[in-house]
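One letter stands for each residue in the lines below.
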Amino acid sequence: MDDIRARITKDGIRIYEDADFVGMRTAGRVAAEILDAVAPLVVAGTTTAVIDDFITDEIRRRGVTSATIGYKGYKHASCISVNHVVCHGIPGAKVLMDGDILNIDVTVIVDGWYGDTSRMYVAGQLARKAERLIEVTHEGLMRGIAAVKPGNTFGDIGHAIQTYVEAQRMSVVRDFCGHGLGRVFHAPPNVLHYGRPGSGPVLEEGMFFTIEPMVNLGRPETKVLADDWTAVTRDKSLSAQFEHSVGVTATGCEIFTLSPSGKFHPTWG
């Protein structure tokens, strides 16, 4: 019991051991490989259901488990959020049109460890305003990750993202956030993508969590549709999101969900 207590901070955040990084690397890599594999399917004329079916088959083929199928009654192996959908878009009969942008979010369980990641894709020709939104969102994520090191705070992460995004005249969604993970899907802390420097819990080596900023071209407000899952921008402006799972190291952080093929950004590769 004392050992268990020693692994939890006063803010309820689990501190993992060095050996636990191995499990997170494996889970993160599998999730990233699946998102690499799905890229050729994202074309105008296909449906989000076809993409999700592919992801389901990939998870089964690899002998791992989907964290989302059955989670609170959810029936799919991914969330696919198109254009003004901020997050938690449900795959279905939606046909992708030329120029659509979409976030695909996948979480897998590998030997009890959770690998959680999402990235942006483009069906067809990428419009300049959408391209800039994607660029800013990705840069915001990377600036947040750059703030991850022992002694900094979660407020430092949020501040790095918020100040950059707002300087580009875009907005950071406040209604959703990143989260702790490891041997559970969601755990403390809530990782806000906005904040004040020096605020929030102090980062310690061995913390595992996601950083997953959602950025809107318009205002930050969102609303959840009648399905109780899908979140959209209230002003119907475009939204983008990138997500990595990270672990705090002695000198900074390790990204567990890097794309093995270098395809994390839709204009790469």
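None of the values given here were measured: they were computed from a predicted structure.

## Side note on the overall build of the chain
- Of regular secondary structure, the chain possesses 5 helices and 15 strands.
- For a compact globule of 269 residues, the expected C-alpha radius of gyration is about 18 Å, and the chain comes in at 18 Å, within 12% of that figure.
- Based on the C-alpha atoms only, the size of the chain along its principal axes is roughly 55 × 45 × 40 Å.
- With 269 residues in all, the chain has 54% of them scored as buried.
- Look at the contacts in the chain between residues 6 or more apart in sequence, and 70% of them connect residues 24 or more apart.
- Where the 27 positive side-chain charges of the chain centre and where its 32 negative ones centre are 4 Å apart.

## Structural notes on the sheet that holds strand 11 (residues 222-224)
- The 3 strands are arranged 3-12-11 in an open sheet whose pairing can be described as antiparallel. Looking at the sheet topology across the chains shown, the edges are occupied by strand 3 (85-87) and strand 11. Put simply, the sheet's adjacent strands are angled 40° from each other on average, direction ignored.
- Across 3 bridges, the pairing between strand 11 and strand 12 (residues 231-233) is antiparallel. Note that in strand 12 the partner of Thr 222 across the bridge is Thr 233.

## Quick word on the sheet that holds strand 13 (residues 239-241)
- What the 3 strands build is an open sheet, ordered 6-10-13; its pairing is antiparallel. If you trace the sheet from one side to the other, it starts and ends with strand 6 (171-172) and strand 13, each paired once.
- Where strand 10 (residues 214-216) and strand 13 come together, 3 bridges link them in antiparallel fashion. Bridged to Asn 216 within strand 13 is Ser 239.
- Running over the sheet, helix 4 (residues 128-146) touches strand 10 and strand 13 and is turned about 35° from strand 13.

## Focus on the state of the cysteines
- A complete count under the given rule lists 0 disulfides for this structure.
- Cys 87 supplies the cysteine sulfur nearest to Cys 79, a cysteine that is in no disulfide, at a spacing of 7.9 Å.
- According to the relative accessible area criterion, Cys 79 is buried, its value standing at 11%.
- Using a relative accessible area of 5% as the deciding quantity, one classes Cys 87 as buried.

## As for the layout of surface pockets
- The volume enclosed by the largest pocket comes to roughly 550 Å³.
- Together, 26 residues line the largest pocket, and Tyr 71, His 88, Phe 185, His 186 and Trp 229 are the ones closest to its centre.
- Where the lining of the largest pocket is concerned, the elements lending two or more residues are strand 4 (101-110), strand 7 (178-180) and strand 8 (187-191).
- With 3 residues, strand 4 is the largest single contributor of residues to the lining of the largest pocket.

Cut-offs applied
Residues numbered from 1 in each chain as written. Predicted model: local features only at pLDDT ≥ 70, side-chain atom pairs only at ≥ 80, totals over all residues. Heavy atoms only, no water. Helix = DSSP H or I, 4+ residues; strand = E, 2+ residues; numbered from the N terminus. Rg over C-alpha atoms; globule rule 2.2 N^0.38 Å. Buried < 20%, exposed > 50% of the residue type's maximum accessible area, 1.4 Å probe, protein only. Contact = heavy atoms within 4.5 Å. Lys, Arg positive; Asp, Glu negative; His and termini not counted. Charge placed at Lys NZ, Arg CZ, Asp CG, Glu CD. Pairing = 2+ DSSP bridges. Axes fitted to C-alpha atoms, helices over the stretch in contact; angles between N-to-C directions. Disulfide = S-S within 2.5 Å. 1 Å grid on protein atoms, 1.4 Å probe; cavity = no way out; pocket = protein on both sides within 12 Å on 5 of 7 lines; lining within 4 Å. Points joined across faces, edges and corners; volume = space filled by probe spheres on them.

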